[in-house]
Amino acid sequence: IQDVYPAITDYSALNLEDFVRFVAAYDARQRQAYEAAFHRCDTDNSGTVEVTELAALLKGFGIEPMSHVLHEVISETDEDGSGALTIDEFEKVLDLLRLREGFT
């Protein structure tokens, strides 16, 4: 937010047009952060993130998920059924984590 907001306005309130621009810029910034996390997580450079790679990333966030929970989240977001996450599927996992405040 601190990176995006000042680029939109110097004021403390946003009109509708500025708000729409803010949301678009924030989404773009979030996508960049997810892509960077994906590439850091894909340690074998396979182009996908496997369960062990996701577990390592989550441990770096201070989240210690149980194996069956990881498999559950992957099966919930793994649209192609490969057992590994593409960048789009990875983003869905991170969105779920954000919405659910972890695995609770």
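The structure we're discussing is the one just above.
A brief structural summary. Here the structure is a predicted model, which means the values were calculated and not measured.

Now for the overall build of the protein chain. A tally of helices and strands in the protein chain yields five helices and zero strands. Beginning at the N terminus, the succession of helices and strands in the protein chain can be written as α-α-α-α-α. Taking 13 Å as the expected radius of gyration for a compact globule of 104 residues, we find that the protein chain reaches 16 Å, considerably beyond that expectation. Dimensions of the protein chain, computed from C-alpha atoms along their principal axes, come out at roughly 45 × 30 × 25 Å. Taken over 104 residues, the protein chain has a buried fraction of 35%. Taking all contacts inside the protein chain whose residues are at least 6 apart in sequence as the whole, residues at least 24 apart take part in 41%.

Between helix α3 (residues 51-60) and helix α4 (residues 67-77), the shortest axis-to-axis distance is 10 Å and the interhelical angle comes to 110 degrees. Comparing the axis directions of α3 and α4 gives the class roughly perpendicular. Classified by chirality, the crossing of α4 by α3 is right-handed. Residues Val-51, Leu-54, Ala-55 and Leu-58 of α3 touch α4, and the partners they reach there are Leu-70, His-71 and Ile-74. Tallied by class, the residues present in the contact of α3 with α4 amount to six nonpolar, one polar and no charged.

Moving on, we come to the packing of aromatic side chains. Tallied over the entire structure, the rule returns two aromatic pairs. With a centroid separation of 5.4 Å and 70 degrees between ring planes, the pair formed by Phe-38 and Phe-90 is classed as edge-to-face. Pair noted here: Phe-38 is in helix α2 (residues 16-41) and Phe-90 is in helix α5 (residues 87-100), with a separation of 52 residues, a long-range link. Exposure class is identical for Phe-38 and Phe-90. Each is buried.

The next point concerns the environment of Thr-52. By secondary structure assignment, the location of Thr-52 is in helix α3. For Thr-52, a relative accessible area of 63% corresponds to the exposed category. C-alpha separation for the pair Thr-52 and Cys-41, spaced eleven residues apart in sequence, amounts to 9.5 Å.

Helical periodicity: at 3.6 residues per turn, an α-helix aligns residues three or four positions apart in one direction. All of the buried residues along α4 are Val-69, Leu-70, Val-73, Ile-74 and Thr-77. The arc that holds every buried residue of α4, seen down its axis, measures 135 degrees, which confines them to one face.

Definitions and cut-offs
Residues numbered from 1 in each chain as written. Predicted model: local features only at pLDDT ≥ 70, side-chain atom pairs only at ≥ 80, totals over all residues. Heavy atoms only, no water. Helix = DSSP H or I, 4+ residues; strand = E, 2+ residues; numbered from the N terminus. Rg over C-alpha atoms; globule rule 2.2 N^0.38 Å. Buried < 20%, exposed > 50% of the residue type's maximum accessible area, 1.4 Å probe, protein only. Contact = heavy atoms within 4.5 Å. Axes fitted to C-alpha atoms, helices over the stretch in contact; angles between N-to-C directions. Parallel < 35°, antiparallel > 145°, perpendicular 65-115°, else oblique. Left-handed = near helix turned anticlockwise from the far one by under 90°. Nonpolar A, V, L, I, M, F, W, Y, C, P; charged D, E, K, R; others polar. Phe/Tyr/Trp six-rings, centres within 6.5 Å; stacked < 30°, edge-to-face > 60°. Arc of directions from axis to C-beta.

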